[in-house]
Amino acid sequence: MSYLSETRRRRTFAIISHPDAGKTTLTEKLLLFSGAIQIAGSVKARKASRHATSDWMEIEKQRGISVASSVMQMAYRDHVINLLDTPGHKDFSEDTYRVLTAVDSALMVIDAANGVEAQTRRLIEVCRQRDTPIITFVNKMDREVREPLDILDEVERELGMACVPMTWPVGQGKTFRGIMNLRTQAMTVFESGSERLPQDFETIPLSERETLTKRFGADFEHAMESMELATGASHAWDHNAFLAGKQTPVFFGSGVNNFGVMEVLDALVDLAPSPQSRTSTTLVNRQPVVKEIQPEDKDFAGVVFKVQANMDANHRDRIAFVRMASGKYTPGMKLRVQRTAKELRPTSVVTFMSQRREAVDEAYAGDIVGFTTHGGVQLGDTITDGAALQFTGLPFFAPELFMTVILKNPLRTKQLQQGLAQLGEEGAIQVFRPEIGGPMLLGAVGQLQFEVVQHRLKAEYDADVKLEGCQYTGARWITADTPAELREFVNAYPQRMAKDAADTLAFLCTSPYDVRLAQERFPKIHFHPLREHA
Ligand code: GDP
């Protein structure tokens, strides 16, 4: 098969939801119905990680499992579907944002009783920045939930996407009767239980209206009315509007009962986009020039969107997850890290072609390849088989929480530095070195990040640290149009300047007014709340 046909049959997506809406359940069912399962245990195990640090540590012990479930690949209807896991806990939302830069579409799960919730809103904002197309699954229809019209209205209002129903529920809770598929014009009859396969559900054509009315009575009539209202009021399906993130197809069902899930899997194949072009910069006559990399381009190019410590703490192995943007991966091929121009020398390479971690055959744009290395690879790194280019757009967010690191045993300074450098490269935490010296600062978006880092410093680097609060409440990365302007600013605030893991200069703030005051004093300085790897 040509590169083009290989990449066209790929779909790379992530599931986003507020905790408890049903992401884990749905993931498991998608794997089950595409025949990719063996992995059921790991999907459940991964889930524990969001509840408490103790659970997180437990999961760390089984890191093999959590690595395996970071990317789950399934084959369905002659397509290759890559499902990327996103951490559930909001304290790790930075990781989630970065995973979202590696997908071409997202599946949003909504709890039909709760509607749009806080974390869904935040995640959709991230998708919006990239115009990521979103498929919506309204889950838990077997519960006493809200009216479907009400839910669609909320999605439209709160998330600013026009909803186009693809299925429509008949009844809910105790009287949940099934869903009408508006494309096939048939009703699938609901039965509870988790043993049934999608093809085992009974279907009745909507044209047999008399049968349906007789069997489901007022529930069916009411559903027909509200469905007609909804389709009458909603926009016609516009595939381009969906691809631009402006329209979302909506499906109803009950994940735990295997119901309405196959329709979603089909939508991923039929509606979701195959790998898209990705923006990079390259130097032409020493000037950065934007270059769109097409998925069918022959040269290998990809970006590291996630780095995860490997199972064996003694070896400091790490897996760099590379989302392929173009080309073909074959075992043994020579690849370079563009930032350092060094050859990538992985000790092992994992593709997720067949769920067997040892099986590496080939991979194409849209696929994820995991390279195990001893270092030398950072989040945001661009990997190619030759071309000098750098992908843009992997976000780092300005931390809102800061702690200073105090080492209990000063003899372990070297280990601490190594640990912080590596955890910083993984993106587990942001590390800032104050320009005037003094203890290192850790910056996080969520409190749990500190606990994880403290635990890992001890467990993996034998560096026992105390974390102490400090006066900082924010940071902004700073740039200026000329070196002189930058120097002037740095000289005005020497004790506020720090460099992060990528040696980018940041201004540390102690109150929300800091940036405003500094900006007034130095109108030519740019303050960035977000650093994009470039
Ligand atoms: P996550 O936090 O989004 O990963 O959610 P889970 O998949 O773990 O689901 C949260 C809870 O909701 C679990 O107890 C599930 O069994 C339950 N659940 C998931 N889907 C459904 C559903 O369709 N109906 C009902 N009644 N419960 C569900």
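Given the structure is predicted, the values throughout are model-derived calculations rather than measurements.

Q: Provide a residue-level description of the packing of helix 12 (residues 413-426) against helix 13 (residues 447-461), including the pertinent values.
A: In contact at an axis separation of 10 Å, helix 12 and helix 13 are set at 125° when each is read in the N-to-C sense. Considered as vectors, helix 12 and helix 13 are oriented oblique to each other. The handedness of the crossing between helix 12 and helix 13 is right-handed. Here Gln415, Leu416, Gln418, Gly419 and Leu423 of helix 12 come into contact with helix 13, specifically with Val453, Arg456, Leu457, Glu460 and Tyr461. In the contact of helix 12 with helix 13, the residues fall into five nonpolar, three polar and two charged.

Q: So what about the sheet that holds strand 23 (residues 390-391)? Which residues, and what values?
A: On the basis of which strands lie adjacent, the open sheet formed by three strands has the order 13-12-23 and antiparallel pairing. Among the strands making up the open sheet, the edge pair consists of strand 13 (287-293) and strand 23. Relative to strand 13, strand 12 (residues 278-284) runs antiparallel, the two sharing seven bridges. Counted as the bridge partner of Thr282 is Val289 from strand 13.

Q: Explain the nonpolar core to me, using residue names and the numbers behind them.
A: Core analysis: the biggest nonpolar cluster contains 97 residues, and Ala14, Ala106, Leu107, Val264, Val304 and Val322 have the highest contact counts within it. Ignoring anything within four residues of it in the chain, the contact list for Val304 reads Ala320, Phe321, Val322, Val377, Gln378, Leu379, Gly380, Asp381 and Ile383. In this structure, Ala398, Leu441, Ala463 and Ala506 belong to the second largest nonpolar core, which totals 35 residues.

Q: So what's going on with helix 2 (residues 23-33)? Which residues, and what values?
A: Three- or four-residue spacings in an α-helix give side chains the same orientation, since the helix completes a turn every 3.6 residues. For helix 2, a buried count of nine out of 11 residues is recorded, marking the element as mostly surrounded by other parts of the structure. What helix 2 keeps buried is the set Lys23, Thr24, Thr25, Leu26, Thr27, Glu28, Lys29, Leu30 and Leu31.

Q: Describe the packing of helix 8 (residues 148-159) against helix 9 (residues 209-233), with residues and values.
A: At a minimum axis distance of 10 Å, the contact between helix 8 and helix 9 shows a crossing angle of 20°. If you check the angle between helix 8 and helix 9, you find them roughly parallel. Here helix 8 contributes Pro148, Leu149 and Leu152 to the contact with helix 9, which in turn contributes Ser226, Leu229 and Ala230. Residues belonging to the contact of helix 8 with helix 9 are distributed by class as follows: five nonpolar, one polar and no charged.

How each quantity is defined
Residues numbered from 1 in each chain as written. Predicted model: local features only at pLDDT ≥ 70, side-chain atom pairs only at ≥ 80, totals over all residues. Axes fitted to C-alpha atoms, helices over the stretch in contact; angles between N-to-C directions. Helix = DSSP H or I, 4+ residues; strand = E, 2+ residues; numbered from the N terminus. Parallel < 35°, antiparallel > 145°, perpendicular 65-115°, else oblique. Left-handed = near helix turned anticlockwise from the far one by under 90°. Contact = placed C-beta atoms within 7 Å. Nonpolar A, V, L, I, M, F, W, Y, C, P; charged D, E, K, R; others polar. Pairing = 2+ DSSP bridges. Core = buried A, V, L, I, M, F, W, Y, C linked by C-beta atoms within 7 Å. Buried ≥ 20, exposed ≤ 12 C-beta atoms within 10 Å, placed from the backbone.

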